[in-house]
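What the coordinates show
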Amino acid sequence: MSTTPRLRNMRRPRLEGSGRVRRDPRAERLYCGEPAGETLSARGLPRRDPRAWYAAGPQANGRVRIDRSQRPGSASVAASAPLRAAEPALKTVVIAEPAFWVLAVPDLDDGRLSAHDRDVFGGARLLAADGGAVVAVCFGPAEGLDLAGADRVLQFDAAVFAGYAPEARAAAVAAVIATLDPRHVLLPDTPIGGGDLGRRLAAQLGETAAVRVQKLSAGEAIARGNGGRSDYHMAPPRLLLLAPEAADPLGGVRHEALALPVPELDTPTRLLDRGLLAIDPNSVPLAEADFICSAGNGVHDWSAFHAVAAALGATEGGSRMVCDAGLLPRHRQVGASGTLVDPRCYLAFGIAGAPQHLQGITRCERVIAVNTDLHAEMVKRADLAIVQDAQRVMPALTRLIEEKRHGA
Amino acid sequence: MALDIAVLVSVGRHPASARNRRAVLDARALELALNVPGANIHLIHAGDADEPALREYLGMGVERLSVLGVPAHADVLPVLVAHLKALRPALVLCGAAAEQGAGSGELPYRLAAALGMPIVPAVAGFELHGGRAQLAQALPRGRRRGVEAALPVLLSVDRAAPEPRQSAYARAQRGQIERIAVPAAPLWQPPGEEQPARKRPKRLKLISGSGAERMRAAQGAAASAGKGQLLVQPEPAAAAQAIYDYLLSEGILRG
Ligand SMILES: Cc1cc2nc3c(=O)[nH]c(=O)nc-3n(C[C@H](O)[C@H](O)[C@H](O)COP(=O)(O)OP(=O)(O)OC[C@H]3O[C@@H](n4cnc5c(N)ncnc54)[C@H](O)[C@@H]3O)c2cc1C
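None of the values given here were measured: they were computed from a predicted structure.

**Focus: the side chain of Thr190 of chain A**
Position of Thr190 of chain A relative to the elements: it lies in the loop between β7 (184–188) and α8 (194–205). In this structure Thr190 of chain A touches Asp107, His116, Gly195 and Asp196 of chain A, once residues within four positions along its chain are discounted.

If you want it as structure tokens, here you go:
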């Protein structure tokens with residue numbers, strides 16, 4: 001256990017600041033790469049391995065970080081950070097005998113809990129704080145209800161509840177309210193989801209709901225009305241329709257999410273869901289579009305571009321260059337001086353990815369780029385990047401989609 | 001036999017100038033009704049008949065507006081229910097929420113419950129065939145869902161419905177306002193202590209990690225950073241297949 005003389009003489013200004021040179025032999029050994037780096041030279045002198053720092057391999061972001069902090073063990077902390085991130089065991093909260101119930105009815109669009117749904121569960125937990133239990137009323141299967149904060153789950157799976165079935169769903173929630181007599185019922189105030197269901201319930205039960213609740217705490221709900229100009233402060237009523245971010249979602253604990261028996265129901269259905277309608281994607285405003293196929297200066301074959309957008313059923317967009325040139329109308333421009341778009345997928349043909357253009361697609365999660373330039377910013381931004389001439393890819397893609405459509 | 005359509009309208013308020021105007025959603029509801037060929041439109045308002053903004057609805061091309069005379073801040077539900085029960089329209093159209101007063105969007109639902117009609121919200125357009133209504137309901141992201149209902153039905157209209165036509169001044173002045181006396185209505189009570197709406201801060205997304213990670217997240221590329229797939233000079237057919245497979249796996253295209 002030796003320290004090198006060189007190190008002993010090294011100035012360490014931060015430690016000198018305390019007026020006294022303190023030494024930490026263990027940190028020094030670590031800093032020297034001992035014991036892994038300790039070897040003896042042919043002459044019997046201890047040798048230090050200068051590459052021991054790199055031994056841990058690349059750390060965060062694939063970059064090799066040299067740790068000069070001399071804090072014992074700091075290098076190993078950085079190296080094991082991804083390991084620690086892999087789920088610490090969560091505490092499970094058990095509410096065996098609840099004093100009362102609070103219902104939360106998530107939207108479960110696409111069968112998934114949205115951020116808004118999680119906020120609703122957060123609000124339900126606030127209102128259930130003194131001994132109550134949260135019951136999730138779900139139509140169809142859902143994952144992650146335990147992490148969201150549900151103690152019990154009532155899952156209605158019957159076919160009558162699938163698709164747009166607000167009357168059947170309202171009848172089911174009303175039946176649950178009649179049996180459990182919950183203290184509160186919370187829904188997300190979304191136009192065709194919880195907002196619709198909640199107002200149906202309010203009309204059915206003859207109660208007044210707190211709608212567009214901006215902020216919820218155990219003692220107060222702040223609802224919004226009067227065309228968005230007034231806030232109404234009130235004690236939380238039984239029915240609450242929450243705006244996004246009215247309450248914070250739960251974090252760091254797990255609840256039981258035990259399944260409760262589902263009652264048999266006789267449900268009315270006066271409305272028939274006829275499924276999604278085929279619409280002209282170009283009649284949808286760019287800001288609302290679900291899937292955008294966008295053209296830049298690299299597109300010369302415009303008939304091929306329109307054909308591929310039509311085959312994909314995508315809304316057309318473009319960079320400023322093509323809109324300036326009059327190749328697409330101005331309202332199709334994506335970017336800082338055009339439209340900030342929020343599609344589920346953005347497919348860019350021959351777009352360089354100027355900062356003003358990328359600003360328009362910051363909220364977009366899936367980006368596909370086709371560009372001849374490997375080093376274009378758009379290629380770096382893309383989840384799937386194809387370095388190829390757009391004029392050759394567009395007809396190939398049109399042909400492929402047409403084949404699949406007719407083959408199927 | 002002409003089809004009876006009741007359109008319920010309210011007095012709107014301009015968000016910037018705070019002047020009374022026709023309510024944008026109610027005007028859209030009226031626009032939908034005006035596009036039904038051969039319909040018999042009953043334009044109904046509950047409130048003050050002397051409100052000048054009401055004439056803007058007449059300017060859209062309706063001869064007459066029936067005003068149920070209730071004082072300001074009255075609960076309009078009972079008088080509307082009584083009036084519609086007598087009228088028995090095949091279709092009731094209204095905006096999703098009023099621009100003044102409670103504006104909670106509960107009135108259409110209460111009305112439908114009281115009249116025993118089904119209600120469909122967010123209607124963007126409709127067609128009527130043989131006693132049934134084929135409705136297009138506006139979903140987020142510009143999608144539309146088909147919903148079918150038997151008449152009579154109550155439809156509420158939101159911003160996805162077509163733009164209303166302009167209101168013509170001369171027509172607005174020519175139109176008649178019919179005053180209907182109704183029994184006294186109870187006053188509407190605000191649901192809680194009323195205060196001016198306060199703008200609430202957006203929740204900040206906390207991103208932990210190294211400086212490089214936070215920078216990437218701020219640029220909006222967090223989701224895709226580093227794990228993108230890159231194909232250099234593939235055959236066009238292979239490129240097309242890669243795009244197609246990606247779109248299928250992400251559920252953008254349906255196979
Ligand atoms: C104040 C201001 C505001 C702006 N606002 C916007 C905005 O809102 N939206 C916007 O888009 N721009 C905006 N711009 C312009 C922006 O800076 C860029 O000039 C523009 O986005 C570039 O468009 P582009 O990528 O189509 O063209 P280019 O920059 O010319 O890029 C063309 C790309 O196509 C590739 N390419 C060429 N041939 C082919 C081929 N055969 N096949 C495939 N790829 C090919 C090239 O490699 C290149 O990457 C703004 C600029 C300013 C100054």
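**Here's the deal with the interface of chain A and chain B**
The interface is formed by 76 residues belonging to chain A together with 82 residues belonging to chain B. Of all residues in chain A, Ile192, Arg229 and Tyr232 of chain A give up the largest surface area on contact with chain B, accounting jointly for 9% of the area buried on that side. Of the charged contacts, one joins Asp248 of chain A and Arg203 of chain B as a salt bridge, the two residues approaching to 3.4 Å between their closest N and O atoms. For the pair chain A and chain B, the interface holds 37 residue pairs in polar contact (both at pLDDT 80 or more). Among the residues making up the side of chain A that touches chain B, the classes are represented as 36 nonpolar, 13 polar and 27 charged.

**Description of the domain arrangement of chain B**
It is common to give the size of an interface as the accessible area that goes away when the parts come together. Domain boundaries assigned for chain B yield domain 1 (4–180) and domain 2 (211–249). Distance from the C-alpha centre of domain 1 of chain B to the C-alpha centre of domain 2 of chain B: 48 Å.

**Some thoughts on the UniProt feature "domain: Electron transfer flavoprotein alpha/beta-subunit N-terminal" (unreviewed entry) in chain B**
Feature annotation in UniProt places "domain: Electron transfer flavoprotein alpha/beta-subunit N-terminal" (unreviewed entry) on residues 8–182 of chain B, given in this structure's numbering. In residues 8–182 of chain B, the share of helix is 23% and the share of strand is 35%. The end C-alpha atoms are 16 Å apart.

**Some details on the packing of aromatic side chains**
Residue and element names in this part refer to chain A. If you walk through the whole model with that rule in mind, you get four aromatic pairs over all chains. Both rings, one in Trp302 and one in Phe305, keep their centres 5.5 Å apart while their planes meet at 75°; by these two values the pair is edge-to-face. Of the two residues, Trp302 and Phe305 are both situated in helix α9 (residues 302–312); the distance of three residues between them amounts to about one turn of the helix. Here the two residues Trp302 and Phe305 agree in accessibility, since each one is buried. Members of the aromatic cluster, each reached through a chain of ring pairs, are Phe139, Phe156 and Phe161. Its end group placed over the ring of Phe100, Arg183 keeps NZ or CZ at 3.6 Å from the ring centre.

**Here's the deal with the sheet that holds strand β12 (residues 193–196) of chain B**
The four strands are arranged β9(A)-β10(A)-β11(A)-β12(B) in an open sheet whose pairing can be described as antiparallel. A single partner strand is all that each edge strand has here, and the edge strands are β9 (215–216) of chain A together with β12 of chain B. Sheet topology places β9 of chain A next to strand β10 (residues 221–225) of chain A; two bridges connect them, and they run antiparallel. Bridging across to β10 of chain A, Lys215 of chain A finds its partner in Ile222 of chain A.

**Observations concerning the UniProt feature "domain: Electron transfer flavoprotein alpha subunit C-terminal" (unreviewed entry) in chain A**
Residues annotated by UniProt as "domain: Electron transfer flavoprotein alpha subunit C-terminal" (unreviewed entry) correspond here to residues 286–361 of chain A. End-to-end, the C-alpha atoms of residues 286–361 of chain A are 12 Å apart, and along that stretch the chain is 26% helix and 18% strand.

**Describing α8 of chain A**
Residue and element names in this part refer to chain A. Compared with the 16 Å implied by 1.5 Å per residue over twelve residues, the 16 Å span of α8 between its first and last C-alpha is a close match. Of all twelve residues that make up α8, ten are buried, and the element is covered over most of its length. For α8, every residue scored as buried is listed here: Gly194, Gly195, Asp196, Leu197, Gly198, Arg199, Arg200, Leu201, Ala202 and Ala203. Directly after α8, the chain includes Gly206, whose backbone phi takes a positive value near 70°.

**What about helix α7 (residues 236–249) of chain B?**
Given a rise of 1.5 Å per residue, 14 residues ought to cover 20 Å, and the 20 Å separating the end C-alpha atoms of α7 of chain B matches this to within 8%. In the stretch just after α7 of chain B, Gly251 of chain B is the one whose phi turns positive, near 75°.

**Here we look at the sheet that holds β7 of chain A**
Residue and element names in this part refer to chain A. Pairing within the open sheet is parallel, and its seven strands lie in the order β8-β12-β7-β4-β5-β6-β14. Because the sheet does not close on itself, it has two edges, and the strands there are β8 (210–213) and β14 (258–259). Pairing geometry for strand β4 (residues 101–104) and β7, over three bridges, is parallel. Along β7, the bridge assignment pairs Val102 with His184.

**Some details on the environment of His255 of chain A**
Residues and elements named next belong to chain A. Mapped onto the fold, His255 is located in strand β13 (residues 253–255). A C-alpha to C-alpha distance of 9.7 Å links His255 and Ala133, two positions 122 residues apart in sequence. Sequence-distant contacts of His255, defined by excluding residues within four places in its chain, comprise Thr92, Val93, Arg125, Asp146, Gly149, Ala150, Asp151 and Leu250. Of note is the side chain of His255, whose polar atom sits 3.2 Å from the side chain of Arg125. Reaching out from His255, the side chain makes a polar contact with the side chain of Asp151 at a distance of 2.7 Å.

**Topic: the pattern of salt bridges**
Counted according to the given criterion, the structure contains 24 salt bridges over all chains. Between Arg274 of chain A and Glu148 of chain B there is a salt bridge, and its shortest N-O distance comes to 2.7 Å. One end of the pair, Arg274 of chain A, is in strand β15 (residues 271–276); the other, Glu148 of chain B, is in strand β9 (residues 144–150), on a second chain. For Arg274 of chain A, a relative accessible area of 48% gives the class partly exposed. If you follow the salt bridges from partner to partner, you end up with Asp119 and Asp248 of chain A together with Arg203 of chain B in one network.

**A short note on the pairing of β9 of chain B**
When you tally the buried positions in β9 of chain B, you get five out of seven residues, the bulk of the element. Across four bridges, β15 of chain A lies against β9 of chain B in antiparallel orientation. For Asp273 of chain A, the partnering residue across the bridge sits in β9 of chain B and is Val147 of chain B. The pairing of strand β8 (residues 132–138) of chain B with β9 of chain B spans seven bridges and is antiparallel. Note on β9 of chain B: the bridge partner recorded for Arg132 of chain B is Ala150 of chain B. Between the end of β8 of chain B and the start of β9 of chain B, which pair antiparallel, lie five residues, with Arg141 of chain B showing a positive phi angle near 65°.

**What to know about the site of the ligand**
All names here are of chain A. The environment of the ligand is formed by 25 residues, the closest being Ser319, Ser337, Ala352, His357 and Asp389. In this structure, an oxygen atom belonging to the ligand sits 3.0 Å away from a main-chain N or O atom of Ala336. Contact distances for the ligand include 2.6 Å between a nitrogen atom and a side-chain N or O atom of Ser337. Relative to its unbound accessible area of 980 Å², the ligand is 72% covered by the protein chains. At the level of elements, α10 (320–324), α11 (355–358) and α13 (390–407) are the ones that each hand at least two residues to the shell around the ligand.

**Quick word on the environment of Ala128 of chain A**
Residues and elements named next belong to chain A. Along the chain, Ala128 falls in the loop between α5 (115–127) and β5 (133–139). Along the sequence, Ala128 and His184 sit 56 residues apart, while their C-alpha atoms lie 8.7 Å from each other. Setting aside chain neighbours within four positions, we find Ala128 in contact with Phe100, Val102, Ala133 and Val134.

**A word on the domain arrangement of chain A**
Domain annotation for chain A reports domain 1 (91–259) and domain 2 (281–407). For domain 1 of chain A and domain 2 of chain A, the distance between their C-alpha centres works out to 39 Å.

What counts, and at which threshold
Residues numbered from 1 in each chain as written. Chains lettered and ligands numbered in written order. Predicted model: local features only at pLDDT ≥ 70, side-chain atom pairs only at ≥ 80, totals over all residues. Heavy atoms only, no water. Helix = DSSP H or I, 4+ residues; strand = E, 2+ residues; numbered from the N terminus. Contact = heavy atoms within 4.5 Å. Buried area = accessible area lost by both parts, 1.4 Å probe. Salt bridge = Lys/Arg side-chain N within 4 Å of Asp/Glu carboxyl O. Polar contact = N/O pair within 3.5 Å; in protein donor to acceptor, adjacent residues only side chain to side chain. Nonpolar A, V, L, I, M, F, W, Y, C, P; charged D, E, K, R; others polar. Domains from an automatic or database assignment. UniProt positions renumbered as here; feature names shortened; annotations may be inferred. Phe/Tyr/Trp six-rings, centres within 6.5 Å; stacked < 30°, edge-to-face > 60°. Buried < 20%, exposed > 50% of the residue type's maximum accessible area, 1.4 Å probe, protein only. Lys NZ or Arg CZ within 6 Å of the ring centre and 35° of its normal. Pairing = 2+ DSSP bridges. Expected span 1.5 Å × (residues − 1). Near = heavy atom within 4 Å. Areas by Shrake-Rupley, 256 points an atom, 1.4 Å probe, with all protein chains shown as cover.

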